[in-house]
Amino acid sequence: MKQSYVVLRKAFWKSLLWKQNGHHQHGVALHTLRVVWSVVRHGEFRMIPAALLHDIGKPFVAYQKPEDIPTEEYSFTDHEEASYQIIKDWPWIGDYTKQLVRHHYLIRDIAKHTTKNPKRAEEKQKIWESLDPEMQEDLKRFLQHDDAGKGTPRP
């Protein structure tokens, strides 16, 4: 994945600090802190590095679809892969964390695309099935922490 990581874009800063989309009450930075808090509160200390890094790529891939413009919201297609690409060569980050970051949206992606884009759902399902059962369980729990970090969605 060839990705340009440019921080001098309005979408980068707005999504990082203020607004993501209707599923998140906060920007990426505060959302990340809320996910870390959920992980710590539930004693999932092994997940702390992933909680800190899971959305690191999100501001870099932030963009607006035409339907996002009136609400000043952003979309983040494949943000988890962008996050993984940033950290994949960091030697101080373990494989467990890298895999949690890379696949943290997998469950939601499968569900979201089952009817919308069956081919993508099938590809994601194959990835899911390739993971060991322990990682699958950890991803299920991590998704709960990620959801807890979203805050109350706007009506």
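Above: the structure in question.
**Q** When you look at the overall build of the protein in this model, what are you seeing that I'm missing?
**A** Looking only at helices and strands, the protein has nine helices and zero strands in total. Its helices and strands taken in sequence order, the protein reads α-α-α-α-α-α-α-α-α from the N to the C terminus. Within the protein, the proportion of its 155 residues that are buried is 46%. Partitioning the intrachain contacts of the protein with sequence separation of at least 6 by distance along the chain shows that 62% fall at a separation of at least 24. As presented, the protein carries roughly 8,800 Å² of accessible surface, and 58% of it is formed by carbon and sulfur atoms.

**Q** What is the right way to look at unusual backbone geometry in this model?
**A** Glycine aside, negative phi is the norm for most residues, and most peptide bonds take the trans geometry. Within the chain, Asp78 stands out as a residue other than glycine whose phi angle is a positive 55°. Inspection of the secondary structure puts Asp78 in the loop between helix 4 (58-61) and helix 5 (79-87).

**Q** What is the right way to look at the side chain of Glu80 in this model?
**A** Tracing the backbone through its elements, the reader meets Glu80 in helix 5. Buried and without a salt bridge, Glu80 has Lys124 as its closest oppositely charged side chain, separated by 4.3 Å. Among all residues touching Glu80, those that are not within four sequence positions of it are Val101, Arg102, His104, Tyr105, Asp109 and Lys124.

**Q** Help me understand a nonpolar patch on the surface in this model?
**A** Among the surface-exposed residues, Trp37, Val40 and Phe45 lie close enough to one another that they form a single nonpolar patch of about 330 Å² accessible area. Given a relative accessible area of 52%, Phe45 falls into the exposed group.

**Q** I tried to follow the environment of Ser38 on my own but got confused; where do I start?
**A** Within the secondary structure layout, Ser38 lies in helix 2 (residues 28-41). Using a relative accessible area of 2% as the deciding quantity, one classes Ser38 as buried. In this structure, the C-alpha to C-alpha distance between Ser38 and Ala148, residues 110 residues apart in sequence, is 6.7 Å.

**Q** It is not clear to me how the environment of Phe142 should be interpreted in this structure. Could you clarify?
**A** You can see Phe142 is positioned in helix 9 (residues 133-148). Residue classification places Phe142 among the buried positions, given a relative accessible area of 0%. When the C-alpha atoms of Phe142 and His104 are compared, they prove to be 7.0 Å apart, with 38 residues separating the residues in sequence. Once you skip the residues sitting within four places of it in the chain, Phe142 turns out to touch Val35, Met47, Ala50, Ala51, His54, Leu100 and His104.

**Q** Even after reading the chapter, I still don't get the packing of helix 2 against helix 9, so can you show me in this structure?
**A** To describe two helices that pack against each other, one gives the angle between their axes and the distance between the axes. The contact between helix 2 and helix 9 brings their axes to 7 Å, and the two run at 130°. Judged by the inter-axis angle, helix 2 sits oblique to helix 9. Crossing hand, helix 2 versus helix 9: right-handed. Along its contact with helix 2, which presents His31, Arg34, Val35, Ser38 and Val39, the element helix 9 presents Phe142, His145, Asp146 and Ala148. When grouped by side-chain class, the residues that make up the contact of helix 2 with helix 9 number four nonpolar, three polar and two charged.

**Q** Looking at this structure, how should I read the environment of Ala62?
**A** Here Ala62 lies in the loop between helix 4 and helix 5. It is 6.4 Å that separates the C-alpha atoms of Ala62 and Phe12, two residues lying 50 residues apart in sequence. Ignoring any residue separated from it by four or fewer positions in sequence, one finds Ala62 in contact with Arg9, Ala11, Ser15, Tyr74, Ser75 and Phe76.

Rules and cut-offs
- The numbering scheme is per chain: residues are counted from 1 as the chain's sequence reads.
- With pLDDT at 70 or above as the cut-off, local features in this predicted model cover only qualifying residues; side-chain atom pairs require 80 or more to be listed or tallied, and sums for whole chains, interfaces and linings still use all residues.
- With hydrogens and water stripped out, all remaining heavy atoms of the structure feed into the side-chain values.
- Helix numbers and strand numbers start at the N terminus; a helix is a DSSP run of H or I with at least 4 residues, a strand a run of E with at least 2.
- For every residue, the accessible area obtained with a 1.4 Å probe (protein chains only) is divided by the maximum for its type, and the residue is called buried under 20%, exposed over 50%, and partly exposed between those limits.
- Here, residues are in contact when the closest pair of their heavy atoms is within 4.5 Å.
- Each accessible area is a Shrake-Rupley estimate made with a 1.4 Å probe; only the visible protein chains count as cover when residues are assessed.
- As used throughout, the charge tally considers Lys and Arg to be positive and Asp and Glu to be negative, leaving His and the chain termini uncounted.
- One speaks of a salt bridge when a side-chain nitrogen belonging to Lys or Arg is within 4 Å of a carboxyl oxygen belonging to Asp or Glu.
- Surface patches are defined over residues having more than 30% relative accessible area and no salt bridge, joining like charges when they lie within 9 Å and nonpolar side chains (Val, Leu, Ile, Met, Phe, Trp, Tyr) when within 5 Å.
- Angles here are taken between N-to-C directions and fall from 0 to 180 degrees, while the axes themselves are lines fitted to C-alpha atoms, restricted in helices to the stretch in contact.
- By the definition adopted for this analysis, an angle is roughly parallel if under 35 degrees, roughly antiparallel if over 145, roughly perpendicular if from 65 to 115, and oblique otherwise.
- Two helices cross in a left-handed way if the nearer one is turned anticlockwise from the farther one by less than a right angle. They cross in a right-handed way if the turn is clockwise.
- Side-chain classes are defined by residue name, with Ala, Val, Leu, Ile, Met, Phe, Trp, Tyr, Cys and Pro counting as nonpolar, Asp, Glu, Lys and Arg as charged, and the others, Gly among them, as polar.

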